[in-house]
Amino acid sequence: MKGTPSDKSWMKSYRFSLCYIQGVKKFLNIAKDFTDSNGRVRCPCKNCINIYLKPLQEVKMDLYQYGISENYTNWVHHGETSQPRNSFDGSIYSDNELENSGNDVSEMLDDMCNATFMNTDMEDRLANQDNNMLEGEVAKFAKLWNDSHCELYPRSQKYSKLSFFLKMINIKALTNSSNKSFFPNLELFKDALPKGETLPSSSYEVKKLMRDLGLRYVTIDACVNDCVLFWKENENVDTCPTCKASRWELGFGKRKKVAQKVLRHFPLVPRLQRLFMSKDTGENMRWHKEKHVDDDTIRHPADATEWKDFDQKYAWFGKDARNVRLGLASDGFNPFGNMSTSYSMWPVIVTPYNLPPWKCMKENLLMLSLLIPGKESPGNNIDVYLRPLIYEFKELWETAVTTYDAYSAYGMLSGWSTKGKLTCPVCNKWTCSLTLKKWSEAMLHGSSEIFTCPTFLEKKQKI
């Protein structure tokens, strides 16, 4: 067919690679000649699989968000002549796609990608060679995606390189293990696994992988007397502008300068955005407004008078259930136990109060924002250390931050279940409840069981 590219290898490329982006652009140039009277065309993404008609712009976003069905190699719905093949319209999932659809790591990376690249013109941005930041993000996600599909060892069936490493990190966090025990265990696994294993071989690789996943923090030097942070306007000074104390530890030689006191800041905004990247937590972030029962019994901060007064005073804020309510707490502890009495650490914890009461205080949903070091309590000077966090609060309040929400807005707005058997508000009790694989097999074998829905029959006749 005229204008149809013979090379379709881009369909199996990483979704945010330049090859894939250019392939989507070529596909849309062809598909625009086969739109219906309303300007719609069948969407070949892995979610729609050529069942739904959509405008080209929506098709474009779906192809970026979900990827194109790799089995749709003969574009029969977009101008190519039909050829015999084993799958129904080339639109069913391959075994690998079915396996990946249940892969939590792949879903996590999908959500991260969608949140990073949402509402962007991918062709223009990726074509801009000066945009080093975006290219770095693309490279980072490409590596994570490859690691999630890389065998832990040759012919490994259960774990990929990334999923096994994340399991180890999760166990480390649950058991409160130290790095001193984690890295020997990693070396033991590398030695025990068959030849060709792909686990990280150094602490540098481990830390880099964790940074790519977003598990990072920022170090900010502080005055040894708690006067100021060497941050923003004081970033490049060597002495405290208040007490004139040196920023650096005293030493000789040309070795790297070492700060006397260092604050560790875990950026809050990306962690809040992560809450909306998951469909489950995205839904729970609306609990305080949409599922909370107001019966004069205090079960949650939303029952408090202060919460209700705040909503009345700032009605524009309280109107949207997704606006985040946060709690702040801090306390000191000695990280070395009885081994040292001259050192303490003051973590600052942020709690998302949007969540239901049985979740908002769970350990895995408490967000560490700051780690304040020192021999003694910072006392009133804690305000100095809270400055990066307050800066983020002001940014969120005054200018807001756009984020990707993975929770299905259709289910929320229509009041109709988006899961289970009765998912279609049009078909109602005639909704086809077969899985995609069984539905496709039934189509291939001419089964009439799936054609009981009158709406489907009507649309089938029109098609």
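Residues numbered from 1 in each chain as written. Predicted model: local features only at pLDDT ≥ 70, side-chain atom pairs only at ≥ 80, totals over all residues. Heavy atoms only, no water.

Student: Can you walk me through the overall build of the protein chain in this structure?
Tutor: On a plain count of helices and strands, the protein chain comes out with 19 helices and seven strands. Taking all 463 residues of the protein chain together, the buried fraction comes to 37%. Taking the intrachain contacts of the protein chain between residues at least 6 apart in sequence as the baseline, contacts between residues at least 24 apart amount to 56%. Entry remark: accessible area of the protein chain is about 28000 Å², with carbon and sulfur atoms responsible for 52%. (Helix = DSSP H or I, 4+ residues; strand = E, 2+ residues; numbered from the N terminus. Buried < 20%, exposed > 50% of the residue type's maximum accessible area, 1.4 Å probe, protein only. Contact = heavy atoms within 4.5 Å. Areas by Shrake-Rupley, 256 points an atom, 1.4 Å probe, with all protein chains shown as cover.)

Student: What exactly am I supposed to notice about unusual backbone geometry here?
Tutor: Glycine aside, the phi torsion of most residues is negative, and most peptide linkages are trans. Not every positive phi belongs to a glycine, and Arg-155 is a case in point at roughly 70°. Inspection of the secondary structure puts Arg-155 in the loop between helix 6 (132-148) and helix 7 (161-174). Phi at Asp-296 is positive, roughly 65°, even though this residue is not glycine. Here Asp-296 is to be found in the loop between helix 12 (287-290) and helix 13 (305-313). Look at Asp-296 and you get exposed, because its relative accessible area is 76%.

Student: Could you clarify how one ought to interpret the packing of aromatic side chains in this entry?
Tutor: The description of an aromatic ring pair uses the distance of the two centres, along with the angle that the planes make with each other. This structure, assessed with the given rule, holds 16 aromatic pairs. Judged by centre distance (5.5 Å) and plane angle (65°), the rings of Trp-10 and Tyr-20 are edge-to-face. One end of the pair, Trp-10, is in the segment before helix 1 (18-31); the other, Tyr-20, is in helix 1, and 10 residues separate them in sequence. For Trp-10, a relative accessible area of 5% gives the class buried. Note on Phe-310 and Phe-317: the rings are 5.7 Å apart at their centroids and 90° apart in plane angle, and the pair reads as edge-to-face. Phe-310 gets classed as partly exposed once you look at its relative accessible area, which sits at 31%. Grouping aromatic residues by their ring pairs yields a cluster made of Phe-310, Tyr-314, Trp-316, Phe-317 and Trp-397. Against the face of Tyr-391 rests Lys-232, its NZ or CZ located 4.2 Å from the ring centre. (Phe/Tyr/Trp six-rings, centres within 6.5 Å; stacked < 30°, edge-to-face > 60°. Lys NZ or Arg CZ within 6 Å of the ring centre and 35° of its normal.)

Student: Is there a simple way to think about the nonpolar core in this case?
Tutor: The tendency in soluble globular proteins is for nonpolar side chains to be buried as a group. The biggest cluster of nonpolar side chains holds 24 residues, and the ones touching the most others in it are Leu-229, Leu-263, Ile-372, Tyr-385 and Leu-389. Those elements that provide at least two residues to this core are helix 10 (268-277), strand 6 (344-352), strand 7 (367-374) and helix 16 (382-398). It is helix 16 that contributes the most residues to this core, five residues altogether. The contact partners of Ile-372, leaving out residues within four places of it in the chain, are Leu-263, Ser-344, Met-345, Trp-346, Val-348, Pro-378, Ile-382 and Tyr-385. (Core = buried A, V, L, I, M, F, W, Y, C linked by side-chain atoms within 4.5 Å.)

Student: Mind showing me how you'd approach helix 2 (residues 56-66) here?
Tutor: Since the α-helix packs 3.6 residues into each turn, any two residues three or four apart lie on the same face. Taken as a whole, helix 2 has its buried residues at Val-59, Lys-60, Asp-62, Leu-63 and Tyr-64. Two residues or fewer past helix 2, Gly-67 is found with a positive phi of approximately 85°.

Student: Can you help me understand the environment of Leu-275 in this one?
Tutor: Along the chain, Leu-275 turns up in helix 10. Separated by 130 residues in sequence, Leu-275 and Asp-405 place their C-alpha atoms 8.7 Å apart.

Student: Explanation requested: the sheet that holds strand 5 (residues 326-330) in the structure shown.
Tutor: Within a sheet, each strand pairs with its neighbour through backbone hydrogen bonds, oriented either parallel or antiparallel. Pairing within the open sheet is antiparallel, and its five strands lie in the order 3-4-7-6-5. Each of the sheet's edge strands pairs with one partner strand only, and the pair in question is strand 3 (218-221) and strand 5. The sheet shows a mean angle of 15° between the axes of neighbouring strands, direction not considered. The pairing of strand 5 with strand 6 spans five bridges and is antiparallel. (Pairing = 2+ DSSP bridges. Axes fitted to C-alpha atoms, helices over the stretch in contact; angles between N-to-C directions.)

Student: Sorry, what's going on with a nonpolar patch on the surface here?
Tutor: Together, Phe-310, Trp-316 and Trp-397 make up a nonpolar patch on the protein surface, roughly 320 Å² of accessible area in all. Its place among the elements puts Trp-397 in helix 16. (Patch = residues over 30% accessible without salt bridge, like charges linked within 9 Å, V, L, I, M, F, W, Y side chains within 5 Å. Salt bridge = Lys/Arg side-chain N within 4 Å of Asp/Glu carboxyl O.)

Student: Whenever I open this one, the side chain of His-288 confuses me. Can you help?
Tutor: Turning to its location among the elements, His-288 is positioned in helix 12. Residue class for His-288 comes out buried when judged on its relative accessible area of 6%. Side-chain polar atoms of His-288 contact the backbone oxygen of Ala-321, separated by 2.9 Å. Look past the residues within four positions of His-288 in its chain and what remains in contact with it is His-300, Ala-302, Trp-307, Ala-321, Asn-323, Arg-325, Tyr-353 and Asn-354. (Polar contact = N/O pair within 3.5 Å; in protein donor to acceptor, adjacent residues only side chain to side chain.)

Student: Mind showing me how you'd approach helix 1 here?
Tutor: The end-to-end C-alpha distance of helix 1 is 20 Å, a good match for the 20 Å that 14 residues give at a rise of 1.5 Å each. Taken as a whole, helix 1 has its buried residues at Tyr-20, Ile-21, Gly-23, Val-24, Phe-27, Leu-28, Ile-30 and Ala-31. (Expected span 1.5 Å × (residues − 1).)

Student: I tried to follow the packing of helix 10 against helix 16 on my own but got confused; where do I start?
Tutor: Two quantities define a packed helix pair, namely the angle between the axes and the distance from one axis to the other. Direction vectors running N to C along helix 10 and helix 16 enclose 55°, while the axes themselves pass 10 Å from each other. Taken together, the axis directions place helix 10 and helix 16 in an arrangement best described as oblique. Here Leu-268, Val-269 and Leu-272 of helix 10 come into contact with helix 16, specifically with Leu-389, Glu-392, Phe-393, Glu-395 and Leu-396. Of the residues contributing to the contact of helix 10 with helix 16, the split by class is six nonpolar, no polar and two charged. (Parallel < 35°, antiparallel > 145°, perpendicular 65-115°, else oblique. Nonpolar A, V, L, I, M, F, W, Y, C, P; charged D, E, K, R; others polar.)

By themselves, these figures tell us nothing about what the structure is for.
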